[in-house]
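Overview (structure and organization)
The lines below spell out each chain.
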Amino acid sequence: MGVESLWGGDLLADILAISSTPRRNGNSELALRYFCRAAEESNISVEMIRIHELTLEPCRGCERCAADGICIVADKMQPLYDKVATAKGLVLATPVYFGSLSAQLKIFIDRFQCWWHAKYTLNRPFVQLSQHKAGFIICTGALHRPEFGDNVEAVGKVFFHSINYHFGGFLCLQGLESRGEIKNDPATLKTAYNEGVNFLSKLIP
Ligand SMILES: Cc1cc2nc3c(=O)[nH]c(=O)nc-3n(C[C@H](O)[C@H](O)[C@H](O)COP(=O)(O)O)c2cc1C
């Protein structure tokens, strides 16, 4: 549940797409799908995971991971660490909630505190900058208020930096309220697709 291979059924895909909306086929999820189309068209494996459908515990702040970089919380987050370590690109998608990202995505991000310790406390990061992995973050919101996207972008930048993914960009799509409304807006879907093409061209030249 919550996991969908968009290409070939690989367990460890080149592009890991994290959808964090509670709405299946919500606007941010559809934008994510269009973003990932370029990869699919190039036969690059994409795995999309709906983290709302996984039971993910929030970070406990126990700091046990400071000793070895490993999170002790035994839940559905554990396989995701391997997937992020293996992927070449990580694409996050979130609805804008109260001027920020979804709680689901924040939980996912906070659970990488173990990777923060691996990098900064232990000097043994799970990903090397020289691997040139890159991350991208997409958000959709109802209101045309650019500042609502600013928080999402800022959190995304801090996160990617902390896990040694290069920041590959941010896309904020606004004026989208009801579920799937983005389907009626081909220009916006095309924007998401084009951003995916651009991301991919930098990621896998
Ligand atoms: C709890 C909640 C908070 C929201 N807060 C904002 C907000 O601060 N700014 C905004 O523009 N839209 C806000 N929205 C609207 C959603 O961001 C918008 O409907 C978005 O397209 C939903 O994406 P989804 O379909 O992928 O879930 C909020 C919606 C909900 C349910």
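Higher on the page you've got the structure.
Reading the values: rules and limits
- Residues numbered from 1 in each chain as written.
- Predicted model: local features only at pLDDT ≥ 70, side-chain atom pairs only at ≥ 80, totals over all residues.
- Near = placed C-beta within 6 Å.
- Helix = DSSP H or I, 4+ residues; strand = E, 2+ residues; numbered from the N terminus.
- Nonpolar A, V, L, I, M, F, W, Y, C, P; charged D, E, K, R; others polar.
- Core = buried A, V, L, I, M, F, W, Y, C linked by C-beta atoms within 7 Å.
- Buried ≥ 20, exposed ≤ 12 C-beta atoms within 10 Å, placed from the backbone.
- Contact = placed C-beta atoms within 7 Å.
- Axes fitted to C-alpha atoms, helices over the stretch in contact; angles between N-to-C directions.
- Parallel < 35°, antiparallel > 145°, perpendicular 65-115°, else oblique.
- Left-handed = near helix turned anticlockwise from the far one by under 90°.
- Arc of directions from axis to C-beta.
- Pairing = 2+ DSSP bridges.
- Right-handed = clockwise from strand over helix to strand, strands pointing away.

So, on to the site of the ligand. Surrounding the ligand, one finds 19 residues, the nearest of these being T21, G26, S28, P95 and G141. Top element by residues in the shell around the ligand is helix α1 (residues 27-41). It accounts for three residues. Its residues assigned to classes, the shell around the ligand comprises eight nonpolar, seven polar and four charged.

Judged by nonpolar contacts, the single largest core of 52 residues is most densely connected at I15, A17, I18, A31, L32, V91 and I138. Considering every element that reaches this core, the biggest residue donor is α1, with seven residues. Those residues in contact with A31 that sit more than four places away from it in its chain are A93, I138, T140, L173, I182 and A192.

Look at α1 against helix α7 (residues 186-203): their axes get within 7 Å of each other, and the N-to-C directions meet at 40 degrees. Here α1 lies oblique to α7, going by the angle between them. The two elements α1 and α7 cross, and the hand of that crossing is right-handed. Across the interface between the two elements, A31, Y34, F35, C36, R37, A38 and A39 from α1 touch L189, A192, Y193, E195, G196, V197 and L200 from α7. Its residues placed into classes, the contact of α1 with α7 shows 11 nonpolar, one polar and two charged.

Among the residues of helix α4 (residues 103-110), those classed as buried are Q104, L105, F108 and I109. End-on, the buried residues of α4 take up no more than an arc of 135 degrees, which puts them together on one face. As for α4, its buried residues are in contact with β2 (15-19), β4 (89-95) and α6 (146-162).

The element strand β5 (residues 134-140) is extensively covered by neighbouring structure, given that seven of its seven residues are classed as buried. Both faces of β5 are covered, namely the face carrying A134, F136, I138 and T140 and the face carrying G135, I137 and C139. Pairing between β5 and strand β6 (residues 166-173): six bridges, direction parallel. Considered in β6, the bridge of C139 is made with C172. Between the parallel elements β5 and β6, the chain passes through α6 in a crossover that is right-handed.

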